[in-house]
Amino acid sequence: MEQAFEQIFQDKIDREVRIEPKDWMPEKYRQTLIRQISQHAHSEIIGMLPEGNWITRAPSLRRKAILLAKVQDEAGHGLYLYSAAETLGISRDQMYDQLHTGKAKYSSIFNYPTLSWADMGVVGWLVDGAAIMNQVPLCRSSFGPYARAMVRVCKEESFHQRQGFEILYVLSKGTEAQRRMAQDAINRWWWPSLMMFGPKDDESPNSIQSMKWKIKRFSNDELRQKFVDVCAEQVKVLGFTLPDKDLKWNEERGHYDFGPINWDEFWQVVQGNGPCNKERLDARKKAWEEGAWVRDAALAYANKKAKQKQAAA
Amino acid sequence: MATMKNEIDFLLHLADNALIIGHRNSEWCGHGPILEQDIAITNIALDYIGQARNFYQHAAELINQHPIGIDITQSGKDIVLPATEDSLAYLRDVREFKNLLITEIPNGDWAHTTLRLFLLSEFELQLFTQLLQHTDAQVAAIAEKSIKELSYHVKWSQDWVLRLGDGTEESKQRMQAAIEAIWAYTGELFIQPEYATAACLNYAAIQTAWNKKVTAVFEEAGLHIPSKTFVQKGGADGMHTEHLGYILAEMQYLQRAYPNSEW
């Protein structure tokens, strides 16, 4: 019986029919999606912090308004991703709990500090850029709610990426100090951005099954290469450089070659030893814990009102 | 000329109010108690930054049209010319800011934040409704746009005053504590600044409407107005709390550290 269901399920996937929440699905598929979607949602929420760090210091009112809108978008992404995950039978509170206890991960990139205004440009250009590379294929994910959420997420992310590039473009036309600020930010964020695509294909444990289930469409290395190819060209428009002496166009491959990634650093950050892991998680836990009385009050009030309404009816 | 100076000062007063309350609310971004409410308060902050920009832009336009002989700042310093929305927001110091004190006091907890917004936005809603009759069509237009936003701010913050006032024992205590702490800053709302000379303004009427609304909401929530309070005032004339200096130090740092740069 189970086998027959599994056959029908895989057949749907192969025919590109979307799986919906009430459809039968293998438990492992459900768990993989919960892990991936909640991790993605957590990344949006944690990702608000490094950018939120510059809202009160944005250098012009226009930049302040744009940054506020952008961080608000990220919160919105978190919201619909949590909702998409909830269709799989897990609550938002359970997911928060997994985040706060360290059971669930989020994108390691957000464990790096935003040290200058130029970081707002680079986070948009490189970090959101890498996210888009990863996420556009997810608009065709086999799980319907996830795929639909990603359509909107990608639209907004592509706007974010352009605004990030525009910040850098303005800095590139600015004073010497601004150009130094921008180049320094690129130097700090380039390698961590490449790590956003995850481990090399031969070291990525969940990839093969996810490809078969069409949760994932391209391998980590394929997407990383695509990203390098795009950025290597875009950086020329800015008149800055990427901090990789091995970066070089390879005519034969039709791609840019690039230098070795420091995977030791990647795993250190994943394991909690990045520069801001503790600050990020502490900030979220603090918001959650200090908000407990607010949520309790809202619930008590809603219950009171519902009772009054019932009594009046 | 005096009329023009008054209008510019009044525009700066409105712009500074919006900028500083926007700044305070934006401090919650990423740290709110509930994700949906984090989005809401960030959106409110964004509305206020938008209002600030509208008022600063209009003030800058008037300043640039009439630069000679207009000494527009309380501390007597001249404003950087030509004025822009950013020069007005980023290159004036504490004594030149004309925002109400209630906008600059720290956020405190969620009760303080939502109560402050309720008290302020209800005042602004009344004030801006009068500004619809302003003889300067641009002021009336900004008021019209802002009223749409303020109506939502009032509704949202009022809901929180009710929810917390009539929620749990703890939330009631916290909301009442917020009232005790913030009430001293509400008196300033109704002191008509000397430069608020537009014919459409009637602060006494604003106060009457505000009192009626606030009393009704407090009554429904089971909250009470403190019996004796001292009125803290001076913000509209550039006499601030110590908090504003830190807000400006943070907000203006890039413009000050890298002068004459485009961002």
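Parameters and conventions
Residues numbered from 1 in each chain as written. Chains lettered and ligands numbered in written order. Predicted model: local features only at pLDDT ≥ 70, side-chain atom pairs only at ≥ 80, totals over all residues. Heavy atoms only, no water. Contact = heavy atoms within 4.5 Å. Buried area = accessible area lost by both parts, 1.4 Å probe. Salt bridge = Lys/Arg side-chain N within 4 Å of Asp/Glu carboxyl O. Polar contact = N/O pair within 3.5 Å; in protein donor to acceptor, adjacent residues only side chain to side chain. Domains from an automatic or database assignment. Core = buried A, V, L, I, M, F, W, Y, C linked by side-chain atoms within 4.5 Å. Buried < 20%, exposed > 50% of the residue type's maximum accessible area, 1.4 Å probe, protein only. Helix = DSSP H or I, 4+ residues; strand = E, 2+ residues; numbered from the N terminus. Phe/Tyr/Trp six-rings, centres within 6.5 Å; stacked < 30°, edge-to-face > 60°. Lys NZ or Arg CZ within 6 Å of the ring centre and 35° of its normal.

Attention now goes to the interface of chain A and chain B. Contacts between chain A and chain B engage 48 residues on the former and 48 residues on the latter. A combined buried area of about 4000 Å² lies between chain A and chain B, and 69% of that area is made up of carbon and sulfur atoms. Contact with chain B buries surface across chain A, with Leu 61, Trp 293 and Tyr 301 of chain A losing the most and accounting together for 20% of the total. Linking chain A with chain B are two salt bridges, by the criterion used here. Notably, a salt bridge pairs Lys 304 of chain A with Asp 166 of chain B, separated by 3.1 Å at the nearest N-O pair. Where chain A packs against chain B, one counts 14 residue pairs in polar contact (both at pLDDT 80 or more).

Residues and elements named next belong to chain A. Its domain assignment divides chain A into domain 1 (2-274) and domain 2 (276-313). Here domain 1 and domain 2 have C-alpha centroids that lie 30 Å from each other. Opposite the 18 residues of domain 1 that make contact, domain 2 presents eight residues. Of the roughly 1200 Å² buried where domain 1 meets domain 2, counting both sides, 62% is carbon and sulfur surface. The largest share of the area that domain 1 buries against domain 2 comes from Leu 49, His 100 and Asn 111, three residues that together contribute 44% of it.

On to the nonpolar core, then. Judged by nonpolar contacts, the single largest core of 182 residues is most densely connected at Tyr 29 and Trp 117 of chain A together with Tyr 56, Leu 119, Phe 123 and Phe 218 of chain B. Broken down by element, the residue count for this core peaks at 16 residues, all from helix α2 (residues 35-65) of chain B.

Quick look at the packing of aromatic side chains now. Across all of its chains, the model carries 23 aromatic pairs over all chains by this definition. Aromatic side chains Tyr 29 of chain A and Trp 213 of chain A sit 5.4 Å apart centroid to centroid with 90 degrees between the ring planes, which places their arrangement in the edge-to-face category. Of this pair, Tyr 29 of chain A sits in helix α2 (residues 27-52) while Trp 213 of chain A sits in the loop between α8 (207-212) and α9 (220-238); the two residues are 184 residues apart in sequence, bridging distant segments of the chain. Note on Tyr 29 of chain A: relative accessible area 0%, which makes it buried. Taking the centre distance of 5.3 Å and the plane angle of 70 degrees together, the rings of Tyr 82 of chain A and Tyr 96 of chain A count as edge-to-face. One end of the pair, Tyr 82 of chain A, is in helix α3 (residues 61-86); the other, Tyr 96 of chain A, is in helix α4 (residues 92-100), with 14 residues separating them in the sequence. Taking relative accessible area as the criterion, Tyr 82 of chain A reaches 0% and is therefore assigned buried. Judged by relative accessible area, which is 5%, Tyr 96 of chain A ranks as buried. Each residue in the set Phe 5, Phe 9, Trp 24, Tyr 29 and Trp 213 of chain A is aromatic and connected to the rest through ring pairs, giving one cluster. Over the aromatic face of Phe 97 of chain B sits the side chain of Arg 92 of chain B, whose NZ or CZ is 4.5 Å from the ring centroid.

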